[in-house]
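# A closer look at the structure
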Amino acid sequence: MIPIAKPIIGEEEIEAVKEVLKSGILTQGKKVKEFEERFSEYVGVKYSIAVSSGTTALITSLLSHNIRKEVITTPFTFISTANSIIFAGGKTVFADINEEFNIDIERINEKITKKTEAILPVHLFGNPCNMKEIMDLVEDHSLILVEDACQAHGAVFENKKVGSFGAGCFSFYPTKNITTGEGGMITTDDEKITEKCRLIRNIGMKSQYEYVYLGYNFRMNEISAAIGIEQLKKIGSFIEKRRKNSLYLTKKLKNVRGIVTPRENKKAFHVYHQYTIRITDEYPISRDQLQQKLKEKGIASKIYYPIPLNKLRLYNSNEKCPNAERFSKEVLSLPIHPSVDEKDLDLILKVIK
Ligand SMILES: *Cc1c(COP(=O)(O)O)cnc(C)c1O
């Protein structure tokens, strides 16, 4: 079976973990600090705060901004994006997506009111949002910007890495472009936000038993950080292979009737966390039938995301997001991770064609 995702763990990661285990320092040691410093350098920010997951990165960064009112986000994302707004004390407002599957600037504009406090765009599937347009809105309305870059490590918009425009939130879950098992990171240039994030991460403790904030335990451990340091050294080659695989599929699928290949913004560098096509009515069989045919040939595929968040019972929103609702019925993600080779891609193409 060709899986939809597969982490790549080498001898370097195994050695690094052994070293941590032998050192006896399993948390809050030098590995976390080193991983933070290397990550800051990679993203191009002053500060990084390592946490326990992408979800806790989002919660921590929103909490650090004291969100109390409305946060505009996309309904076409993993549920943590929206949940974190609620956990931080804010209210979700969903703005529909564009053909790149990212939040649509016009729809954001329509949703901005006096109650709007922040925008939380998601660089979905590794494809950067149009940050020029988003930054213009952020500046015009003096809004807070938190970026969900959980799928977009290394993605660039106009020479700037995503996660460096506002407070960036990253995930190192095993399916992501790099992993630490479980883990997350917040990136920022703001010293005050950094200080607050560090407090929230570590039960609000400034120095021993001096509690200055109501905090959590969202710390990253040394074992995860040691894996992260090694993964970060390899991220360039991982991204290169993902892009190569993705562009190969796009070239061969571009003219297939009923298939819509992923779009790339000319000003952006897409890191293809997912390669997601749309199966429209013009394709001879349904999306679910195609998924079944792929499965019969040993190819895993997945639907990200089958239900837009505005349609979830949990959110019970009455907002209309027609693009998200339509695309959720058409999307299918295909395996393009670094372990997929040209032979696998040709098999995928043969089934689709
Ligand atoms: C993975 C992901 C998260 C959550 O990250 P975890 O590490 O699984 O908590 C949040 N948002 C998006 C868009 C994600 O893909």
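As shown above, the structure is provided for reference.
Below or above, wherever it landed, is the structure these notes cover. Since the model is a prediction, treat every value here as computed from it, not as a measurement.

### Considering the packing of helix H9 (residues 287–296) against helix H11 (residues 342–352)
Each pair of packed helices gets described by two things: the angle between the helix axes and the distance between those axes. In contact at an axis separation of 10 Å, H9 and H11 are set at 135° when each is read in the N-to-C sense. By the criterion of interaxial angle, the relationship of H9 to H11 is oblique. As for how H9 packs across H11, the hand of that crossing is right-handed. Contacts between H9 and H11 involve Leu290, Lys293 and Leu294 on the former and, on the latter, Ile348, Val351 and Ile352. Looking at the contact of H9 with H11 residue by residue, the classes come out as five nonpolar, no polar and one charged.

### A short note on the site of the ligand
Not every one of the 15 residues close to the ligand is listed here, only the nearest: Gly54, Thr55, Asp148, Ser171 and Lys176. Between Asp148 and the ligand, the recorded distance is 2.8 Å, taken from a side-chain N or O atom to a nitrogen atom. For the ligand, whose accessible area on its own is 380 Å², the fraction buried by protein is 93%. Looking at the shell around the ligand, the elements with two or more residues in it are helix H3 (54–64) and helix H4 (79–87). With three residues, the top contributor of residues to the shell around the ligand is H3. For the shell around the ligand, a count of residues per class yields four nonpolar, nine polar and two charged.

### A few points about the sheet that holds strand S8 (residues 167–171)
Spatial strand order, S1-S9-S8-S5-S4-S2-S3: seven strands in an open sheet with mixed pairing. Each of the sheet's edge strands pairs with one partner strand only, and the pair in question is strand S1 (47–51) and strand S3 (91–94). Neighbouring strand axes in the sheet, compared pairwise and without regard to direction, differ in orientation by 25° on average. Here S1 pairs with strand S9 (residues 184–188) via five bridges, running antiparallel. Among the inter-strand pairings, Val51 is bridged to a residue of S9, identified as Gly184. Across the sheet, H4 lies against strand S2 (70–73), S3, strand S4 (116–120) and strand S5 (144–148), angled at about 145° from S3, the strand it touches most.

### Observations regarding the side chain of Asn245
On the secondary structure map, Asn245 appears in helix H8 (residues 222–253). A relative accessible area of 3% places Asn245 in the buried class. Residues within four places of Asn245 in sequence aside, it is in contact with Ile336, His337, Val340 and Leu345.

### With respect to the pattern of salt bridges
Pairs may arise between side chains of opposite charge once their charged atoms sit close together. For the structure on display, the rule yields 20 salt bridges. When the shortest N-O distance is used, the salt bridge between Asp136 and Lys132 registers 2.9 Å. On the criterion of helical spacing, the pair formed by Asp136 and Lys132 is a turn pair, its members being four residues apart in helix H6 (residues 131–140). On the accessibility criterion, Lys132 (43% relative accessible area) is partly exposed.

### Observations concerning the packing of aromatic side chains
Summed over the entire model, instances satisfying the criterion amount to 15 aromatic pairs. Aromatic pair Phe76 and Phe125: ring centres 6.5 Å apart, planes at 85°, arrangement edge-to-face. With Phe76 in the loop between S2 and H4 and Phe125 in the loop between S4 and H6, the pair connects residues that are 49 residues apart, well separated along the chain. The pair formed by Phe76 and Phe125 is uniform in burial state, with each residue classed as buried. Judged by centre distance (5.7 Å) and plane angle (65°), the ring pair of Tyr304 and Tyr305 falls under edge-to-face. For the pair Tyr304 and Tyr305, a shared accessibility class is recorded, and that class is buried. Here a set of aromatic residues connected by ring pairs shows up, and it is made of Phe76, Phe101, Phe125, Tyr304, Tyr305 and Phe327. Here Lys160 stacks its cationic end above the ring of Phe165, 5.0 Å away from the centre of that ring. Seen from the ring of Tyr42, Lys161 lies directly overhead, with NZ or CZ sitting 4.0 Å from the centre.

Quick notes on the rules
Residues numbered from 1 in each chain as written. Predicted model: local features only at pLDDT ≥ 70, side-chain atom pairs only at ≥ 80, totals over all residues. Heavy atoms only, no water. Axes fitted to C-alpha atoms, helices over the stretch in contact; angles between N-to-C directions. Helix = DSSP H or I, 4+ residues; strand = E, 2+ residues; numbered from the N terminus. Parallel < 35°, antiparallel > 145°, perpendicular 65-115°, else oblique. Left-handed = near helix turned anticlockwise from the far one by under 90°. Contact = heavy atoms within 4.5 Å. Nonpolar A, V, L, I, M, F, W, Y, C, P; charged D, E, K, R; others polar. Near = heavy atom within 4 Å. Polar contact = N/O pair within 3.5 Å; in protein donor to acceptor, adjacent residues only side chain to side chain. Areas by Shrake-Rupley, 256 points an atom, 1.4 Å probe, with all protein chains shown as cover. Pairing = 2+ DSSP bridges. Buried < 20%, exposed > 50% of the residue type's maximum accessible area, 1.4 Å probe, protein only. Salt bridge = Lys/Arg side-chain N within 4 Å of Asp/Glu carboxyl O. Phe/Tyr/Trp six-rings, centres within 6.5 Å; stacked < 30°, edge-to-face > 60°. Lys NZ or Arg CZ within 6 Å of the ring centre and 35° of its normal.

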